[in-house]
Amino acid sequence: MILSDADILERLEAGDLVVDPLDDPELQIQPASIDLRLGREFLEFQRTNIPCIHPNSEQEVDEYVTETIVEDGDDFILHPGDFVLGTTHERVEIPPDLIAHVEGRSSLGRLAVVVHATAGLCDPGYRGQITLELSNLGTAPVALTPGMRISQLTFTELKTEAERPYGSERGSKYQDQDGPQASRIQSDHEFGGDQLERE
Ligand SMILES: Nc1ccn([C@H]2C[C@H](O)[C@@H](COP(=O)(O)OP(=O)(O)OP(=O)(O)O)O2)c(=O)n1
């Protein structure tokens, strides 16, 4: 079951679902979603001379990422073909019986701005800001202003609570993330399970 505006308000009031700050609930709570605003920090990917990035190499993943913080009154210009990481301004806490989906807003989609190029799932138990995978599929640069409503979260109720919510198990590498986080896929090998057995 997908939560309606009334269900979302009820869960927010009960305090187990958290979206913080929720400065303008009337504007941000939509019929079956909550609009989230864009934060100030962005991670941009540099052109690089290395032949490829090995996801297992922390150095290769981190070295070609640079951070930009947009000052008051300024915009972040997303150029055609760009792929950058942004963040929601809000921090969320998803209770163990809900899953949240990060969705784009139609108004930005109509300008060819995509807010989650691939991953869009917030696990039951997840806490933190949400990293947005922003790209511009169009032909004109688009100005993104921190504070603008950039994405929406929908919530689906699970049939039963997750027994091992995000954060309770090995892995959970993005729990309590603050600002956009580059991929931490290189830590997967620490937790095991990502190699095929030798035949
Ligand atoms: N666009 C998104 C999608 C997800 N998340 C957060 C909420 C998710 O609960 C958490 C983990 O997402 P995934 O399970 O998709 O990521 P991984 O499988 O790579 O990470 P892990 O191994 O920690 O589960 O990241 C985010 O910040 N921004």
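Predicted model, so just to flag it, every value in this text is computed and none were measured. (Residues numbered from 1 in each chain as written. Predicted model: local features only at pLDDT ≥ 70, side-chain atom pairs only at ≥ 80, totals over all residues. Heavy atoms only, no water.)

## Here we look at the overall build of the protein chain
In terms of helices and strands, the protein chain carries five helices and 13 strands. Against the globule reference of 16 Å for 199 residues, the protein chain gives a C-alpha radius of gyration of 18 Å, in line with a compact fold. Structurally, the protein chain occupies a C-alpha span of about 50 × 50 × 25 Å along its principal axes. The buried share of the protein chain, reckoned over its 199 residues, is 38%. Look at the contacts in the protein chain between residues 6 or more apart in sequence, and 75% of them connect residues 24 or more apart. With the model as given, the accessible surface of the protein chain reaches about 11,400 Å², and the carbon-plus-sulfur share is 48%. On the protein chain, the mean spot of the 15 positive side-chain charges and the mean spot of the 39 negative ones are 3 Å from each other. (Helix = DSSP H or I, 4+ residues; strand = E, 2+ residues; numbered from the N terminus. Rg over C-alpha atoms; globule rule 2.2 N^0.38 Å. Buried < 20%, exposed > 50% of the residue type's maximum accessible area, 1.4 Å probe, protein only. Contact = heavy atoms within 4.5 Å. Areas by Shrake-Rupley, 256 points an atom, 1.4 Å probe, with all protein chains shown as cover. Lys, Arg positive; Asp, Glu negative; His and termini not counted. Charge placed at Lys NZ, Arg CZ, Asp CG, Glu CD.)

## With respect to the site of the ligand
Ala 119, Leu 121, Cys 122, Asp 123, Tyr 126, Ile 130, Thr 131, Tyr 166, Ser 172, Lys 173, Tyr 174 and Gln 177 make up every residue found near the ligand. Here Asp 123 contributes a side-chain N or O atom positioned 2.6 Å from an oxygen atom of the ligand. In this structure, Gln 177 approaches the ligand through a side-chain N or O atom, which is 2.5 Å from an oxygen atom. Protein chains shield 75% of the accessible area of the ligand, which is 590 Å² for the free molecule. For the shell around the ligand, the elements supplying multiple residues, two or more each, are β10 (121-122) and β11 (127-136). In the shell around the ligand, the residues fall into seven nonpolar, three polar and two charged. (Near = heavy atom within 4 Å. Polar contact = N/O pair within 3.5 Å; in protein donor to acceptor, adjacent residues only side chain to side chain. Nonpolar A, V, L, I, M, F, W, Y, C, P; charged D, E, K, R; others polar.)

## A closer look at the UniProt feature "active site" (unreviewed entry) in the protein chain
What UniProt calls "active site" (unreviewed entry) maps, in this numbering, to Glu 133. Considering the arrangement of structural elements, one finds Glu 133 in strand β11. Assessed through its relative accessible area of 14%, Glu 133 is described here as buried. (UniProt positions renumbered as here; feature names shortened; annotations may be inferred.)

## Some remarks on the pattern of salt bridges
In the structure shown here, the tally under the stated rule is eleven salt bridges. The partner of Arg 11 in a salt bridge is Asp 16, and the shortest N-O contact between them spans 2.9 Å. Between Arg 91 and Asp 176 there is a salt bridge, with the nearest N and O atoms lying 3.8 Å from each other. Of the two residues, Arg 91 sits in strand β7 (residues 83-93) while Asp 176 sits in the loop between β13 (149-157) and α5 (188-191), which places them 85 residues apart along the sequence. Here Asp 176 falls in the partly exposed class, since its relative accessible area comes to 38%. (Salt bridge = Lys/Arg side-chain N within 4 Å of Asp/Glu carboxyl O.)

## Looking at the side chain of Asp 97
Tracing the chain through its elements places Asp 97 in the loop between β7 and β8 (98-104). Overall, Asp 97 belongs to the buried group, its relative accessible area being 16%. Engagement of the side chain of Asp 97 in a polar contact is seen with the side chain of Arg 11, the distance being 2.8 Å. In this structure Asp 97 touches Arg 11, Thr 156, Glu 157, Leu 158 and Glu 161, once residues within four positions along its chain are discounted.

## A few points about a negative patch on the surface
A cluster of acidic side chains, namely Glu 58, Asp 62, Glu 63 and Glu 190, defines a negative patch on the protein surface. Sorting elements by how many residues they give to the negative patch places helix α3 (residues 58-63) first, with three residues. (Patch = residues over 30% accessible without salt bridge, like charges linked within 9 Å, V, L, I, M, F, W, Y side chains within 5 Å.)

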